[in-house]
Amino acid sequence: MATHLRLVGMAALWGASWSWGKVVAQSMAPLAAASLRFLFASVVLVLWMHRASALRGLKSLSRNQWLGLAAAALAGVFGYSSFFMLSLQLVPAGKAAIVVTLNPGATLLLAAILFREHLNPAILAGMVLSAIGAYIAIGGGSLAGAGAGVGIGELLLLGCVACWVAYTLIGRLVLKGVDALTTTTVTTVIGALMLLLTSLIVEGVPAWQKLGQAPASAWGSLLALAFGATAIAYAWYFEGVKSLGAGAASGYITLVPVFGVLFSSLWLGEATPANLFIGAALAISGMAIMHLGRRRAEVRQRR
């Protein structure tokens, strides 16, 4: 029971990350804020690795594994968090949380193309349903007019999707034999350094000097992103994977957009138009169907 509650908490923290990110994006330079988020999270994750006596394992990593971790950091931390912060300057947090329901479908589709994974009818139906739901959520209330709602912010969100898909596929391709804690910690540290260097070059020192002028709500949201949505949420997710298996634990990710829309409405007072509800319902249903399809495929492979 405790494991299931922690996985629900994980989904809530990841869902809340969109509202926290929105607050931060309105008050801080995006790259500086993103680098601080992952620098703070890096401290917690390194301490976690030390406590788990996993730091010594870094010496055994091969050159290709280090290159793979660097590539994963570039896509999953640097790229994703840059698009995340930039998009939230332009797009409501609730809408953003729905658009990223495209992540699992896009990942499974590319995995089928690159690794020749089998896509059963349930997975294909879930992909289509999630894509339609995300499309409706972007627009102004109908399927026919949804495309009119696509702007720079929405395109930046698609950058989030592309980076997450790349991160997942890189992990499958070059990070075999590297445990989840090591992957998360090393990519977080490398990604934080990438963000820090880019922020200093692109945004400059003045952006960092202005951080002191940010309100307490922005700093609180930044710390919540670093320790809640990153360190604690990943810890609960890994614990769920260890106790229940990856398939069962990943099913709770379906709840992330639910919490994303809920928190953006309650905390930020964002409007929740009909198209957002309709799109959310379709996208979340599609994610659930995809998850069931994957579970069925895994059961058949074991037989």
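This one's a predicted model, so the numbers in the text were calculated from it and none came from an experiment. (Residues numbered from 1 in each chain as written. Predicted model: local features only at pLDDT ≥ 70, side-chain atom pairs only at ≥ 80, totals over all residues. Heavy atoms only, no water.)

1. With respect to the packing of helix α2 (residues 30-51) against helix α10 (residues 216-244)
Close contact between α2 and α10 brings their axes to 9 Å; oriented N to C, the two are set at 40°. One finds that α2 runs oblique with respect to α10. α2 and α10 meet at a crossing whose hand is right-handed. Note on element contacts: α10 touches α2 through Trp-219, Leu-222, Leu-223, Leu-225, Ala-226, Phe-227, Ala-229, Thr-230, Ala-231, Tyr-234, Ala-235 and Phe-238, opposite Ala-33, Leu-36, Arg-37, Phe-38, Phe-40, Ala-41, Val-44 and Trp-48. When grouped by side-chain class, the residues that make up the contact of α2 with α10 number 18 nonpolar, 1 polar and 1 charged. (Axes fitted to C-alpha atoms, helices over the stretch in contact; angles between N-to-C directions. Helix = DSSP H or I, 4+ residues; strand = E, 2+ residues; numbered from the N terminus. Parallel < 35°, antiparallel > 145°, perpendicular 65-115°, else oblique. Left-handed = near helix turned anticlockwise from the far one by under 90°. Contact = heavy atoms within 4.5 Å. Nonpolar A, V, L, I, M, F, W, Y, C, P; charged D, E, K, R; others polar.)

2. Some remarks on the packing of aromatic side chains
Under the criterion given, the structure shown has 13 aromatic pairs. Ring geometry for Tyr-80 versus Phe-84: centroids 6.4 Å apart, planes at 20°, classification stacked. Here Tyr-80 pairs with Phe-84, and both are found in helix α3 (residues 63-87), just 4 residues apart, close to one helical turn. Across the pair, Phe-84 and Tyr-80 agree in class, each one buried. Their ring planes at 20° and their centres at 5.8 Å tell us that Phe-259 and Phe-263 sit as a pair that is stacked. Of the two residues, Phe-259 and Phe-263 both sit in helix α12 (residues 256-268), 4 residues apart, roughly one turn of that helix. Its relative accessible area of 14% is what places Phe-263 among the buried residues. (Phe/Tyr/Trp six-rings, centres within 6.5 Å; stacked < 30°, edge-to-face > 60°. Buried < 20%, exposed > 50% of the residue type's maximum accessible area, 1.4 Å probe, protein only.)

3. Re the nonpolar core
Membership of the largest hydrophobic core comes to 54 residues, with the highest contact counts inside it found for Trp-14, Trp-18 and Met-28. At the level of secondary structure, the elements contributing two or more residues to this core comprise α1 (2-25), α2, α3, α4 (93-99), α7 (152-174), α8 (180-202), α10 and α12. Per-element tally for this core: the top contributor is α1, with 11 residues. What Trp-18 contacts, discounting residues up to four positions off in sequence, is Tyr-80, Phe-84, Leu-88, Ala-93, Ala-96, Ala-97, Val-100 and Leu-157. Among the nonpolar cores identified, the runner-up in size contains 8 residues, and Ala-72, Ala-75, Tyr-167 and Val-178 belong to it. (Core = buried A, V, L, I, M, F, W, Y, C linked by side-chain atoms within 4.5 Å.)

4. Notes on the pattern of salt bridges
On inspection of all chains with the given rule, the structure shows 2 salt bridges. Across the pair Glu-154 and Lys-95 runs a salt bridge whose closest N-O atoms are separated by 3.1 Å. Here Glu-154 is found in helix α7, whereas its partner Lys-95 is found in helix α4, with 59 residues between them in sequence. We classify Glu-154 as buried; its relative accessible area is 8%. (Salt bridge = Lys/Arg side-chain N within 4 Å of Asp/Glu carboxyl O.)

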